[in-house]
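Structural description and commentary
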Amino acid sequence: MATINSQNLYSEACKLTPSGVSSPVRAFSPYPIFANSGSGCVIVDADGNKYIDMCMAYGPLILGHCNHSVISAVKKQMLNGTVFGMPSEPEIELLKKICEDVPCADMARLTNSGTEATMHAIRLARGFTGKKIIVKIDGCFHGSHNALMVNKTCDKKKAFSDGIPYEEISNTEIIRYNDIDAMTKLFETNTDIAAVIMEPIPGNMGVITPWKGYLDQVRKVTRENDVLLIFDEVITGYRVSKGGAQQLYGVTPDLCTLGKIIGGGYPAGALAGKTDIMEKLAPSGPVYEAGTFSGNPITAVAGLATIKELTQNRYKKLERKTKVIVKSIEDNIEDSKIVATVNSAPSMFQIFFGKRNVSDAYDAREADGRTFESMFRYMLGNGLYLPPSKMETMFLSTAHTYEAVDKFCESMSDFIGKIA
Ligand SMILES: *Cc1c(COP(=O)(O)O)cnc(C)c1O
């Protein structure tokens with residue numbers, strides 16, 4: 001596959017922006033493939049090569065690239081204006097949908113990104129409770145602001161970036177996913193906890209699913225200890241079901257954050273929750289939150305058009321396609337006797353090599369990254385674009401045909417055959 005144009009664009013980009021990319025996950029060696037266009041489940045690169053897209057921009061494109069309803073909604077809105085610095089009707093329409101669909105959402109506030117949503121959600125939780133500590137689950141990702149850019153490596157709390165003074169993460173406590181005892185114990189010894197923030201189904205350490213009853217127990221102990229529960233549903237909101245993981249598992253948090261899908265391919269985020277908490281936001285309340293482009297009408301109409309397309313039937317079909325893929329990979333693993341496992345939630349899945357079970361960040365970090373990288377390259381060479389890291393997740397969209405699913409399964413089977 002010729003990728004000379006990508007290579008040239010990359011050399012030019014490297015002079016203009018660090019490592020040639022606008023966000024670090026997009027980089028891989030020797031150089032990333034540059035996208036030129038997308039349509040449905042297919043992406044075309046700068047050299048005209050076509051790939052089945054299993055990354056879908058890391059989550060927003062649940063309808064695939066260039067969905068017609070989204071395009072026509074955006075075209076129409078463009079002619080009315082793009083940003084007003086005044087409230088406008090499209091944002092009210094989007095908010096109305098969110099409050100209808102998402103169980104915890106009595107009210108919501110629109111932001112420009114998931115990062116902003118979680119940053120403001122924890123500020124709101126602290127402002128509402130008057131308490132200081134935020135509990136984070138090891139391996140969950142909530143965007144790139146200081147307080148949540150922290151994980152636990154070798155049992156030591158550590159910011160996962162330079163430039164973050166220890167003071168900035170000193171009020172963040174880290175515990176493992178799927179470990180209710182650790183949470184209970186932390187609550188017993190610490191009375192200054194404002195909130196727990198977590199991805200209910202983590203999608204930033206591959207995909208990890210909750211053990212039976214885990215989310216119910218989290219809800220129970222947070223409530224018993226007057227700790228707010230924040231579900232970061234930036235990935236799972238409108239993906240695993242219309243109402244997100246909170247609907248899928250029947251566990252309602254106090255606050256949640258949304259992003260990715262609710263922008264229909266445009267930059268978006270939201271925080272949502274119970275009225276008494278949400279009303280603490282400025283200007284009526286004392287917790288400040290603001291943004292020039294927040295509630296942008298283009299984003300709002302694109303998000304709305306997307307949500308309107310997401311019928312129950314479409315969710316069922318997405319789930320069925322996911323099961324076909326997962327079953328196929330599991331069969332390959334069994335037949336070839338390699339050590340590997342697949343984790344999945346509706347329309348998202350990830351394979352971990354060298355592990356039979358992956359249920360938290362420790363397991364995910366232990367999975368074999370070299371084999372994953374070989375798989376990534378093998379698939380790329382076969383016209384399939386996957387997220388380049390084992391700590392991401394593959395996504396399906398309503399635009400993925402069974403032909404695309406079959407091609408993915410066949411290539412995956414060939415790869416596993418090769419390494420067995
Ligand atoms: C992507 C993501 C974010 C950050 O959203 P941005 O729009 O990239 O700022 C936050 N939380 C989760 C769970 C995410 O996957």
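Definitions and limits used
Residues numbered from 1 in each chain as written. Predicted model: local features only at pLDDT ≥ 70, side-chain atom pairs only at ≥ 80, totals over all residues. Heavy atoms only, no water. Helix = DSSP H or I, 4+ residues; strand = E, 2+ residues; numbered from the N terminus. Rg over C-alpha atoms; globule rule 2.2 N^0.38 Å. Buried < 20%, exposed > 50% of the residue type's maximum accessible area, 1.4 Å probe, protein only. Contact = heavy atoms within 4.5 Å. Areas by Shrake-Rupley, 256 points an atom, 1.4 Å probe, with all protein chains shown as cover. Lys, Arg positive; Asp, Glu negative; His and termini not counted. Charge placed at Lys NZ, Arg CZ, Asp CG, Glu CD. Pairing = 2+ DSSP bridges. Axes fitted to C-alpha atoms, helices over the stretch in contact; angles between N-to-C directions. Salt bridge = Lys/Arg side-chain N within 4 Å of Asp/Glu carboxyl O. Near = heavy atom within 4 Å. Polar contact = N/O pair within 3.5 Å; in protein donor to acceptor, adjacent residues only side chain to side chain. Nonpolar A, V, L, I, M, F, W, Y, C, P; charged D, E, K, R; others polar. Expected span 1.5 Å × (residues − 1). Core = buried A, V, L, I, M, F, W, Y, C linked by side-chain atoms within 4.5 Å. Right-handed = clockwise from strand over helix to strand, strands pointing away. pLDDT = per-residue confidence, 0-100.

Scanning the protein chain from N- to C-terminus turns up 14 helices and 16 strands. Taken against the 2.2 N^0.38 rule, which gives 22 Å for 420 residues, the C-alpha radius of gyration of the protein chain at 21 Å falls within 12% of a compact globule. If you line up the protein chain on its principal axes, its C-alpha atoms span 55 × 55 × 45 Å. A buried classification covers 56% of the 420 residues belonging to the protein chain. A sequence separation of at least 24 residues applies to 70% of the contacts in the protein chain between residues at least 6 apart. Carbon and sulfur atoms make up 51% of the accessible area of the protein chain, which totals about 18,500 Å². Mean positive and mean negative side-chain charge positions of the protein chain (45 and 47 charges, respectively) differ by 1 Å.

Turning to the sheet that holds strand 4 (residues 107-111), a few remarks are in order. With respect to topology, seven strands assemble into an open sheet ordered 4-12-11-10-9-5-8, the strand pairing being mixed. Because the sheet does not close on itself, it has two edges, and the strands there are strand 4 and strand 8 (172-175). The sheet shows a mean angle of 20° between the axes of neighbouring strands, taken without regard to direction. Across three bridges, the pairing between strand 10 (residues 228-232) and strand 11 (residues 255-259) is parallel. Its bridge partner lying in strand 11, Phe 231 is registered against Cys 256. Here helix 3 (residues 89-101) sits on the sheet and contacts strand 4, strand 11 and strand 12 (269-273); the angle it forms with strand 4, its principal contact strand, is near 130°.

Let's shift gears to the pattern of salt bridges. Counted by the stated rule, this structure contains 15 salt bridges. Across the salt bridge formed by Arg 365 and Asp 138, the nearest N and O atoms sit 2.9 Å from each other. One end of the pair, Arg 365, is in helix 12 (residues 361-366); the other, Asp 138, is in the loop between strand 5 (133-137) and strand 6 (150-153), with 227 residues separating them in the sequence. Judged by its relative accessible area of 29%, Arg 365 is partly exposed. Note that Glu 366 is salt-bridged to Lys 355, the shortest N-O span being 2.5 Å. With Glu 366 in helix 12 and Lys 355 in the loop between strand 14 (348-353) and helix 12, this pair connects stretches of sequence that are eleven residues apart.

In the region of the ligand, the neighbouring residues are Ser 113, Gly 114, Thr 115, Phe 141, His 142, Gly 143, Glu 199, Asn 204, Asp 232, Val 234, Ile 235 and Lys 260. Taking Asn 204, its side chain carries an N or O atom lying 3.2 Å from an oxygen atom of the ligand. Within the complex, 82% of the 380 Å² of free accessible area of the ligand lies under protein. Residues that form the shell around the ligand fall into these classes: three nonpolar, six polar and three charged.

What follows is about helix 4 (residues 114-129). Over its 16 residues, helix 4 extends 22 Å from the first C-alpha to the last, a length consistent with the 22 Å expected when each residue adds 1.5 Å. Within the span of helix 4, buried status applies to Gly 114, Glu 116, Ala 117, Thr 118, His 120, Ala 121, Ile 122, Leu 124 and Ala 125. Phi turns positive, to about 70°, at Gly 130, one or two residues after helix 4.

Turning our eyes to something else, we now look at helix 7 (residues 214-224). Because the α-helix completes a turn every 3.6 residues, residues three or four places apart line up on one side. Looking only at helix 7, the buried set comprises Tyr 214, Leu 215, Val 218, Arg 219, Val 221 and Thr 222. Where the residues of helix 7 are buried, they touch strand 5, helix 6 (180-189), strand 9 (193-198), strand 10 and helix 8 (244-249).

Quick look at the nonpolar core now. Counting residues in hydrophobic clusters, the biggest one holds 95 residues, and the most contacted among them are Met 54, Ile 98, Met 183, Met 198, Ile 329, Met 375 and Phe 408. Those residues in contact with Met 375 that sit more than four places away from it in its chain are Ile 351, Phe 353, Leu 386, Met 394, Met 412 and Phe 415. Among the nonpolar cores identified, the runner-up in size contains 18 residues, and Ala 121, Leu 148, Ala 195 and Leu 271 belong to it.

In this section: the pairing of strand 10. Extensive coverage of strand 10 is indicated by the burial of five of its five residues. Taking every second residue as pointing to the same face, both faces of strand 10 are buried, with Leu 228, Ile 230 and Asp 232 on one and Leu 229 and Phe 231 on the other. With respect to chirality, the unit in which strand 9 leads through helix 7 into the neighbouring parallel strand 10 is right-handed. The parallel pair strand 10 and strand 11 is bridged by helix 8, and the resulting crossover is right-handed.

This next bit is on the confidence of the model for the protein chain. Of the residues in the protein chain, 100% have a pLDDT of 70 or more, and the chain-wide mean is 97. Highest mean pLDDT in the protein chain belongs to strand 10 (99); lowest belongs to strand 6 (84).

The subject of this paragraph is the pairing of strand 5. Along any regular strand, the residues point their side chains to alternate faces of the sheet. Where burial is concerned, most of strand 5 is hidden: five out of the five residues are buried. The side-chain alternation of strand 5 yields two buried faces, one formed by Ile 133, Val 135 and Ile 137 and the other by Ile 134 and Lys 136. In terms of strand pairing, strand 5 meets strand 9 through four bridges, oriented parallel. Its bridge partner being in strand 9, Lys 136 is matched across the sheet by Ile 197. Bridge count between strand 5 and strand 8: four bridges; the pairing is parallel. The partner of Ile 134 across the bridge, within strand 8, is Thr 172.

What follows covers the sheet that holds strand 1 (residues 35-39). The sheet built from four strands is open, its strands ordered 1-2-3-15 with mixed pairing. Each end of this open sheet is capped by a strand with a single partner; those strands are strand 1 and strand 15 (384-385). Note: strand 2 (residues 42-45) against strand 3 (residues 50-53), three bridges, orientation antiparallel. Note on strand 3: the bridge partner recorded for Val 42 is Ile 52.

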